[in-house]
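# Overview (structure and organization)
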Amino acid sequence: MNFICPTLGENHEKDFLVTGTPDDFKIIVFSNMNEYEKGFKYLKLTDYTPCEVSIELFMELAKNDNEFSGIILDIHSKNKIISKKELLK
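For the structure given in this document, a descriptive report is provided here. (Residues numbered from 1 in each chain as written. Predicted model: local features only at pLDDT ≥ 70, side-chain atom pairs only at ≥ 80, totals over all residues. Heavy atoms only, no water.)

## Describing the environment of E56
We count it as follows: Numbering of helices and strands runs from the N terminus; a helix is a DSSP stretch of H or I covering at least four residues, while a strand is a stretch of E covering at least two. Think of it in three bands: with a 1.4 Å probe and only protein chains considered, a residue is buried below 20% of the maximum accessible area for its type, exposed above 50%, and partly exposed in between.
Relative to the helices and strands, E56 resides in helix α2 (residues 55-64). Among the residues examined, E56 registers a relative accessible area of 48% and is labelled partly exposed. With 55 residues separating them along the chain, E56 and M1 place their C-alpha atoms 8.3 Å apart.

## With respect to unusual backbone geometry
At K44, a position not held by glycine, the phi torsion is positive, near 55 degrees. Relative to the elements of secondary structure, K44 occurs in the loop between α1 (33-43) and β5 (49-54). Judged by its relative accessible area of 72%, K44 is exposed.

## What to know about the sheet that holds strand β1 (residues 2-8)
Heads up, the condition is: Strands are treated as partners if at least two bridges between them are detected by DSSP.
Taken together, three strands build an open sheet; the order of strands is β2-β1-β5 and the sheet is antiparallel. Strands at the two margins of the open sheet, each flanked by one partner only, are β2 (15-16) and β5. As judged from the two bridges shared by β1 and β2, these two strands associate in the antiparallel manner. Bridge pairing links T7 to F16 in β2.

## Some points on the pattern of salt bridges
We apply this condition: Should a side-chain nitrogen of Lys or Arg be within 4 Å of a carboxyl oxygen of Asp or Glu, the pair is scored as a salt bridge.
On inspection of all chains with the given rule, the structure shows three salt bridges. Here K63 ties to E60 by a salt bridge, and the two come within 3.5 Å at their closest N and O atoms. One end of the pair is K63 and the other is E60, both in helix α2 and three residues apart, which spans about a single turn. Taking relative accessible area as the criterion, E60 reaches 39% and is therefore assigned partly exposed. K78 is the partner of D74 in a salt bridge, and the nearest nitrogen-oxygen pair spans 3.7 Å. Judged by relative accessible area, which is 0%, D74 ranks as buried.

## So, the pairing of strand β3 (residues 18-21)
Pairing of β3 with strand β4 (residues 24-29), which is carried by four bridges, proceeds in the antiparallel orientation. Bridged to G20 within β4 is F25. Linkage of β3 to β4, two consecutive antiparallel strands, is achieved through a turn of two residues.

By themselves, these are just geometric observations and shouldn't be taken as functional.
Below you can see the structure in the form of structure tokens.
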């Protein structure tokens, strides 16, 4: 499964759009480009570029990053939180 993520930066130096605190954060993701565009408008984002990211990256983050607590899918509509625990299943 892949997600579309708003990012800043280039190549391996990309930063994701996150919410929370540095010691408990979630990454905002979208299910497809159509949802990304709707969410982009909803969040009033500028300067972000869409990037397709595999769920495996978030699974790795769940295993290796104590501060990462999950992802938020389609924040403008579903606002579904997929927790770290769910990613590790």
